[in-house]
Amino acid sequence: MHSRFDLFFHFYFPVHSSPFFSRYLVGANHTSARFCSLSVIMEPATGKSSLFRNILARALIFGVLIMVFRFVYVVSITGESCTLGSFCFFSLPQNLNFIVPGAGVSAIVGNDAVSGSDPRRDLYTSKEWIRAVHFYSSVFQDLISEGLLSPHSKSLCVETPLGQEVFALKEIGVENSIGIFKKAAKPLVVKGEGHQIPFDDNSFDFIFSGGARLDASARPADFALEIARTLKPEGFVVVHVKANDTYSFNSLLDLFSSFNLVKTIDMAGFDSSMPYIREIVLRKDTVIRNHGGRKIPDGVSGNKCSVPGHKRELVQKAEPLIEEEPLKPWITLKRNINNVKYLPSMVDISFKNRYLYVDVGARSYGSSIGSWFRKQYPKQNKTFHVYAIEADKTFHQQYESKKKTVTLLPYAAWVKNETLRFEINRDPGQEEVDELKDKGRGMGRIQPVKSSGGEVDEIQGFDFAEWLINTVTESDFVVMKMDVEGTEFDLIPRLFKTGAICLIDEIFLECHYNRWQRCCPGQRSAKYEKTYGQCLQLFTSLRESGVLVHQWW
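Residues numbered from 1 in each chain as written. Predicted model: local features only at pLDDT ≥ 70, side-chain atom pairs only at ≥ 80, totals over all residues. Heavy atoms only, no water.

> Tell me about the packing of helix H16 (residues 464-471) against helix H17 (residues 488-498), residues and numbers included.
Packing of H16 against H17 brings their axes to within 9 Å, and their N-to-C directions diverge by 45°. Classified by the angle between their axes, H16 and H17 sit oblique to one another. Here H16 and H17 pass one another in a crossing that is right-handed. For the pair formed by H16 and H17, the contact residues are Phe464, Ala465, Leu468 and Ile469 on the first element and Leu491, Arg494, Leu495 and Thr498 on the second. Across the contact of H16 with H17, the residue classes break down as six nonpolar, one polar and one charged. (Axes fitted to C-alpha atoms, helices over the stretch in contact; angles between N-to-C directions. Helix = DSSP H or I, 4+ residues; strand = E, 2+ residues; numbered from the N terminus. Parallel < 35°, antiparallel > 145°, perpendicular 65-115°, else oblique. Left-handed = near helix turned anticlockwise from the far one by under 90°. Contact = heavy atoms within 4.5 Å. Nonpolar A, V, L, I, M, F, W, Y, C, P; charged D, E, K, R; others polar.)

> Give me the lowdown on helix H11 (residues 246-255), citing residues and values where you can.
For an α-helix, 3.6 residues make a turn, and residues three or four places apart therefore share a direction. Here H11 lies mainly inside the structure; seven of its 10 residues are buried. Taken together, the buried positions of H11 are Tyr247, Ser248, Phe249, Ser251, Leu252, Asp254 and Leu255. For H11, the N-terminal cap is Asp245; the gap from its side-chain oxygen to the backbone nitrogen of Tyr247 is 3.2 Å. (Buried < 20%, exposed > 50% of the residue type's maximum accessible area, 1.4 Å probe, protein only. Polar contact = N/O pair within 3.5 Å; in protein donor to acceptor, adjacent residues only side chain to side chain.)

> Before we move on, can you summarise unusual backbone geometry with the specific residues and values?
In this model, Lys186 is joined to Pro187 through a cis peptide bond whose omega is 10°. Looking at the element boundaries, Pro187 is found in the loop between strand E4 (177-181) and strand E5 (189-191). In the Ramachandran plot, Ala212 falls in the positive-phi region, its phi being about 55° despite a non-glycine side chain. Residue position: Ala212 is located in the loop between strand E6 (204-209) and helix H9 (213-216). Phi angles above zero are rare outside glycine, and Asn381 is one such case at about 65°. Inspection of the secondary structure puts Asn381 in the loop between helix H14 (369-376) and strand E11 (385-389). Using a relative accessible area of 82% as the deciding quantity, one classes Asn381 as exposed.

> Tell me what's going on with the state of the cysteines, and back it up with residues and numbers.
Applying the stated criterion to the full structure yields one disulfide. What pairs with Cys511 in a disulfide is Cys535, and their sulfur atoms sit 2.0 Å apart. Where Cys511 bonds to Cys535 through sulfur, the torsion about that S-S bond is close to -80°, and the disulfide is left-handed. Highlighted residues: Cys511 in the loop between strand E18 (506-509) and helix H18 (532-544) and Cys535 in helix H18, separated in sequence by 24 residues. Just as Cys511 is buried, Cys535 falls in that class too. (Disulfide = S-S within 2.5 Å.)

> Could you give me a rundown of empty space enclosed by the protein, with the residues and numbers involved?
Within the structure shown, the criterion is met by six cavities of 30 Å³ or more. Counted as a void, the second largest cavity has a volume near 90 Å³. What lines the second largest cavity is simply Leu333, Leu509, Glu510, Cys511, Tyr513, Arg515, Tyr532, Cys535, Leu536, Phe539, Gln551 and Trp552. Among the elements that make up the lining of the second largest cavity, the one with the highest residue count is H18 (four residues). In terms of residue class, the lining of the second largest cavity is built from nine nonpolar, one polar and two charged. (1 Å grid on protein atoms, 1.4 Å probe; cavity = no way out; pocket = protein on both sides within 12 Å on 5 of 7 lines; lining within 4 Å. Points joined across faces, edges and corners; volume = space filled by probe spheres on them.)

> So what's going on with the sheet that holds strand E3 (residues 155-158)? Residues and values would help.
Ordered in space as E5-E4-E3-E6-E7-E9-E8, the seven strands form an open sheet in which the pairing is mixed. The outermost strands of the open sheet, each flanked by one partner alone, are E5 and strand E8 (259-268). Averaged over all pairs of adjacent strands, the angle between strand axes in this sheet comes to 20°, irrespective of strand direction. One ladder, built from three bridges, connects E4 with E5; its direction is parallel. Following the sheet pairing, Ile180 is matched in E5 by Val190. Its contacts with the sheet put H11 on strand E7 (231-241), E8 and strand E9 (276-284), and the angle it makes with E9 is roughly 30°. (Pairing = 2+ DSSP bridges.)

> Got a sec to walk through a nonpolar patch on the surface? Specific residues and values, please.
Nonpolar side chains collect at one region of the surface, where Phe52, Leu56 and Leu60 lie side by side and expose about 330 Å² of accessible area between them. Looking at the secondary structure, you find Phe52 in helix H4 (residues 48-77). (Patch = residues over 30% accessible without salt bridge, like charges linked within 9 Å, V, L, I, M, F, W, Y side chains within 5 Å. Areas by Shrake-Rupley, 256 points an atom, 1.4 Å probe, with all protein chains shown as cover. Salt bridge = Lys/Arg side-chain N within 4 Å of Asp/Glu carboxyl O.)

Below, the structure is given as structure tokens:
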């Protein structure tokens, strides 16, 4: 009988493949299989080619066995499926990582990120990766030294595409760390987004968001709420942002209303995409202070409010008011719009919940919404929803096709909810009514009834200040244009009295006075009782109160 060793050789080296094995089988002077194997090794050099072929065949068979074992492992044990492209044999397990040494630190890359012919492979093993890990390691070590992070902290990195932040945490000993991004990069990063974090409430001791991801978020309020939800009470959140002005800083704090500010520090970034970084550290309160989901404006006392200091600072940067009454106001004021220092041109508005344009006295869509706001106002790539407040029925039909982006309020902005009787008059020098209707300009301005003559209509008025308080919050970015034919002298005081003025970030106000008539040189309008001096005083008082207001035409 042949030994197991004999059978092994029969399997890997067939009989007909070599004369040496023939001698072994016919009983040459070999007393055992072990001696036979030795004689094979000691054969003359003439048999080397055959021996090489046998060794190659054995290697190929061994490779096939490995592939079969891999197939059985993937399909039967791990439960994964095979695709034609990978066929299971060439895919690596998810926990296999490439270690890239450099500059005293290792860079780890999950297999998901570099499998196949992924063009990003070089990125994951580049010097930029190493530089990022060095940077974040230094940041986290500083936080540990200040007691804001510990090796035992359960940590989450939000919106980290490559996972350098997660690896940096693990590198310095914070082992219980994970990252989320819309596309997973295991084992460091799992699938998830800032506005929808895939973890339970109060899951983490420490949350980090770097790379100005909060700045770029389309839903910063949800981003902040999710962090508040998943962070444990007294836990710390650290965010890195690009914005460095006081307006954006306070806007960010408004998003994290249930947190206390621990510190803020400015530092240099680690690459050209973010050369400047502001680090903000916040600590979650043990008691949530959200005022029923609506943050009360700063400085509120009763129904009144005072505009916060960071908004007052912006008034100092605004364009100067026109002190002297212009002889041709319709030309002078229109040209003045080119001098306006728009709020988004001075500060970053990224950390706002919603972006709203409220056009009080909107007239037609093309009057200011389409011709000015859509085309000229600097929006910083934000999507604004428009509220058009217009009582004149002549213009209502125009907004039917704009319902997705414009909400029409077919009422008159007023100081309380009541039915108003208005007289519809035309300005001196206007063309015939039919011609005006053809141009979509309506039948002139709507004014409160002062005499028994003229066309009278009943219009529903609403408390504009109350509506504003119930519609927007301090975390929204609100731009308002007001053109209400003299009613501004009623509405503006009401906004101050109710505190609604603190909810408006920027105002474009047309003040109506007995100005010189375009049609009739040397004659003033009899429609308004106020003087230019009174209008100037209204603008001055608004700015002195910290409201960024501009003269509109």
